[in-house]
Amino acid sequence: AKTHQHEFVIQTTPVKRLCKTHNIITVNGQYPGPTLEVNNGDTLIVKVTNKARYNATIHWHGIRQMRTGWADGPEFVTQCPIRPGGSYTYRFTIQGQEGTLWWHAHSSWLRATVYGALIIRPKEGDSYPFTKPKRETPLLLGEWWNANPMDVVREATRTGASPNVSDAYTINGQPGDLYNCSSKDTVIVPIDSGETNLLRVINSALNQELFFTVANHKLTVVGADASYTKPFTTTVIMLGPGQTTDVLISGDQPPARYYAAARAYASAPGAPFDNTTTTAILEYKSAPCAAKNCASSKPVMPSLPAFNDTPTVTAFSKSFRSPRKVEVPTVIDENLFFTVGLGLNKCPKHFNKARRCQGPNGTRFTASMNNESFVLPSNISILQAYEQGIPGVFTTDFPANPPRKFDYTGNVSRSLWQPVPGTKGYKLKYGSRVQVVLQGTNIFTPENHPIHLHGYDFYIIAEGFGNFNPKTDTAKFNLVDPPLRNTAAVPVNGWAVIRFVADNPGAWLMHCHLDVHIGWGLAMVFLVDNGVGELQSIEPPPVDLPLC
Ligand code: C2O
């Protein structure tokens, strides 16, 4: 196994998008940031220096961080932010993960432009469980704002309103052909004729679930979230923010130019969203283009599902299986039920309705899990407080079951729109076998929520619509070959059931990866204690760990 050393400098960089130059925050002046390429078993050492004017941290999305929770990165959860002028070196080892992950800032909305791919190839000498691709290309789907995204979120927080939607979607940082002033920078995706090519698709958008497709080509899904899947073929994939999907595409079409395209899956009825389409151009490299003016010919445009095509999303999501029988915990020590959803809070008396409560009917938007709106601490990280036994930072009374039973997906009375803000965790004993039913709600509006758990992969053993019914829905559990993921798309007005073994000590955030919902409180934290002996205990904090 190798050790890879990298330097990340977070800095302000001018980039031209949608006809204007904007100063954005980047890593090393690159947007998207550098692609990290490693093999399973390797160690990464990344020194991050913050030369920007915002606090920053970097999260290695999907990396298990076994016993290295101090390197996970969410601000005020596993570390205090790296202040402007400061630095921190993240050290961690890839253990048993192969495929595509990514890294991103985990501080306010900085990740809008601070993100990049993290590619994990098989251990040297090992091979892919599928035809070795001739070429591979990471495709990071993103969102672009003409305004500074940090200002967009600040304004939304101030007013309690829904933030402005993005001005464009991007593929590898470029909006592409269909947007003003963007044509000549459209990303080219080379593929080889008659060969197998691998596309590593990552949804790094802040707030939007996205469909992705390629004109005239079939996509064979072989992995997701750095776990292999039983291959299946489709024409369109859907990714929630945080999710990755590896697809094989064979160069079996006439050598012309084809668009790869992404646009919104917008599951919340009536909510505003950016209804534009980003494109890259798939170009056949090894076969000369037949037509004379091939290189300048208009690429073939694929058809994408309608923005609200939930049946396509459901069919896609239900196609995922592990490649073989897996070890799903069958005995459960912790049987948890968490509601996930949006709400509206009444305008507090001392607030000015017109200025600070601009949600529907003079309210403020909120979100919660089990009616608890998560609030980050501001002067210490939860992990530090947990490990050092510092009181007063968080409580451990996060409700294991929701405070009220009601028709989660029905029309709910206004009194239930009042989640309580707080910093609550739920303790897990080392090694406990955990099941969480994630129940989407229709308080204010239903929406598909991509729920991400730090520090773990989990099996998604079932999903469905309506209210989870413990009497009948357990019959739908797949305990044989369910997919292993780090982000589960909880169906709109539906539920998903996940299982994992709590074998990684630390403080692990679980949250909706639509970042607007994190700020509103759609998060909680699992506190996993140490097991017996050193190998079951978290390592001591690095000496340069940023403190507050
Ligand atoms: Cu990809 Cu908490 O993050």
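Everything numeric in this text was worked out from a predicted model, so none of it was measured.

A.B. asks: Can you help me understand the overall build of the protein in this one?
C.D. replies: Scanning the protein from terminus to terminus reveals five helices and 32 strands. For the protein, the C-alpha radius of gyration of 22 Å lies close to 24 Å, the compact-globule estimate for 548 residues. Its C-alpha atoms give the protein principal-axis dimensions of roughly 70 × 55 × 55 Å. Contacts spanning at least 24 positions in sequence make up 79% of the contacts within the protein whose residues lie at least 6 apart.

A.B. asks: In this structure, what is going on with the sheet that holds strand β15 (residues 227–234)? I would like to understand it.
C.D. replies: Pairing between sheet strands relies on hydrogen bonds along the backbone, with the strands arranged either parallel or antiparallel. Within the open sheet, the six strands sit side by side as β10-β9-β12-β17-β14-β15. Their pairing is mixed. Taken across any chain shown, the strands that pair with only one partner, and hence form the sheet edges, are β10 (168–171) and β15. The sheet shows a mean angle of 25° between the axes of neighbouring strands, direction not considered.

A.B. asks: What am I meant to see in helix α1 (residues 149–159) here?
C.D. replies: Side chains three or four residues apart in an α-helix point the same way, a direct result of the helix having 3.6 residues per turn. Among all positions in α1, only P149, V152, V153 and A156 are buried. Down the axis of α1, the buried side of the element spans an arc of 90°, and every buried residue falls inside it. For α1, the elements touching its buried residues are α5 (515–520). One or two steps after α1, the chain reaches G160, where phi turns positive at roughly 75°.

A.B. asks: Before we go on, may I ask you to explain unusual backbone geometry in this structure?
C.D. replies: Negative phi characterises most residues that are not glycine, and trans characterises most peptide bonds. Residue P32 is bonded to the preceding Y31 through a cis peptide linkage, with omega at -5°. Turning to its location among the elements, P32 is positioned in the loop between β2 (20–27) and β3 (36–39). Although it is not a glycine, A226 adopts a positive phi angle of roughly 60°. By the secondary structure assignment, A226 is in the loop between β14 (219–224) and β15.

A.B. asks: Hey, could you run me through the sheet that holds strand β18 (residues 257–265) in this one?
C.D. replies: Pairing is mixed across the open sheet formed by five strands, whose spatial order is β11-β19-β18-β13-β16. Edge positions in the sheet fall to β11 (188–191) and β16 (236–239), since each has one partner strand and no second. Strand-to-strand twist of the sheet, defined as the mean angle between neighbouring strand axes without regard to direction, takes the value 25°. Note that β18 and strand β19 (residues 277–284) share seven bridges and pair antiparallel. Note on β19: the bridge partner recorded for A262 is T278.

A.B. asks: Can you help me understand the environment of E143 in this one?
C.D. replies: You can see E143 is positioned in strand β9 (residues 135–144). Judged by local crowding, E143 falls into the buried class, with 25 C-beta atoms found within 10 Å. The spatial distance from the C-alpha of E143 to the C-alpha of A112 is 7.0 Å, given a sequence separation of 31 residues. Among residues more than four places away in sequence, those in contact with E143 are A112, S166, Y169, T170, A205, L206, N207 and Q208.

A.B. asks: It is not clear to me how the domain arrangement of the protein should be interpreted in this structure. Could you clarify?
C.D. replies: Interface size is commonly expressed as the accessible area that is lost once the parts come together. Considered domain by domain, the protein is made up of domain 1 (1–128), domain 2 (130–321) and domain 3 (334–536). For domain 2 versus domain 3, the separation of C-alpha centres amounts to 28 Å. Counting residues at the interface gives 29 residues for domain 2 and 29 residues for domain 3. When residues of the side of domain 2 that touches domain 3 are traced back to their parent elements, those giving at least two are α1, β15 and α2 (310–317). It is α1 that contributes the most residues to the side of domain 2 that touches domain 3, four residues altogether. Split into classes, the residues belonging to the side of domain 2 that touches domain 3 amount to 10 nonpolar, 14 polar and five charged.

A.B. asks: Please explain the pairing of β10 as it appears in this structure.
C.D. replies: Side chains A168 and T170 of β10 all project onto a buried face; the interleaved residues Y169 and I171 project onto the opposite face, where all are buried too. Looking at chain direction, β9 and β10 are connected through four bridges and run antiparallel. Bridging from a neighbouring strand, G142 pairs with T170 of β10.

A.B. asks: Sorry if this is basic, but what is going on with the environment of T314 here?
C.D. replies: As for its position among the elements, T314 is in helix α2. The partly exposed category is assigned to T314, around which 19 C-beta atoms lie within 10 Å. Along the sequence, T314 and G389 sit 75 residues apart, while their C-alpha atoms lie 44 Å from each other.

A.B. asks: Looking at this model, I keep getting lost on the nonpolar core. Mind explaining?
C.D. replies: A general trend in soluble globular proteins is that nonpolar side chains are found buried together. If you look at the biggest cluster of nonpolar residues, it comprises 149 residues, and the most contacted ones within it are L141, L210, I237, L438 and I498. Top element by residues in this core is β18. It accounts for seven residues. Residues within four places of I498 in sequence aside, it is in contact with V436, L438, F458, Y459, I460 and A488.

A.B. asks: Please explain the pairing of β18 as it appears in this structure.
C.D. replies: Each regular strand carries side chains that alternate between the two faces of the sheet. Taken across its nine residues, β18 has eight buried, putting it largely inside the fold. Here strand β13 (residues 209–214) runs beside β18; their pairing, made up of six bridges, is antiparallel. Counterpart to L210 in the pairing with β18 is A264.

A.B. asks: Hey, could you run me through the environment of D274 in this one?
C.D. replies: In this structure, D274 sits in the loop between β18 and β19. Residues D274 and R355, 81 residues apart in the sequence, show an inter-C-alpha distance of 25 Å. Once residues within four sequence positions are removed from consideration, D274 is found in contact with V165, S166, Y169, Q208 and A264.

A.B. asks: Teacher, can you tell me more about the confidence of the model for the protein here?
C.D. replies: Close inspection of predicted coordinates is inappropriate for parts of the model with low pLDDT. When pLDDT is averaged along the protein, the result is 95; 97% of the residues meet or exceed 70. With a pTM of 0.97, the predicted complex shows an ipTM of 0.99.

Cut-offs used in this document
Residues numbered from 1 in each chain as written. Predicted model: local features only at pLDDT ≥ 70, side-chain atom pairs only at ≥ 80, totals over all residues. Helix = DSSP H or I, 4+ residues; strand = E, 2+ residues; numbered from the N terminus. Rg over C-alpha atoms; globule rule 2.2 N^0.38 Å. Contact = placed C-beta atoms within 7 Å. Pairing = 2+ DSSP bridges. Axes fitted to C-alpha atoms, helices over the stretch in contact; angles between N-to-C directions. Buried ≥ 20, exposed ≤ 12 C-beta atoms within 10 Å, placed from the backbone. Arc of directions from axis to C-beta. Domains from an automatic or database assignment. Nonpolar A, V, L, I, M, F, W, Y, C, P; charged D, E, K, R; others polar. Core = buried A, V, L, I, M, F, W, Y, C linked by C-beta atoms within 7 Å. pLDDT = per-residue confidence, 0-100.

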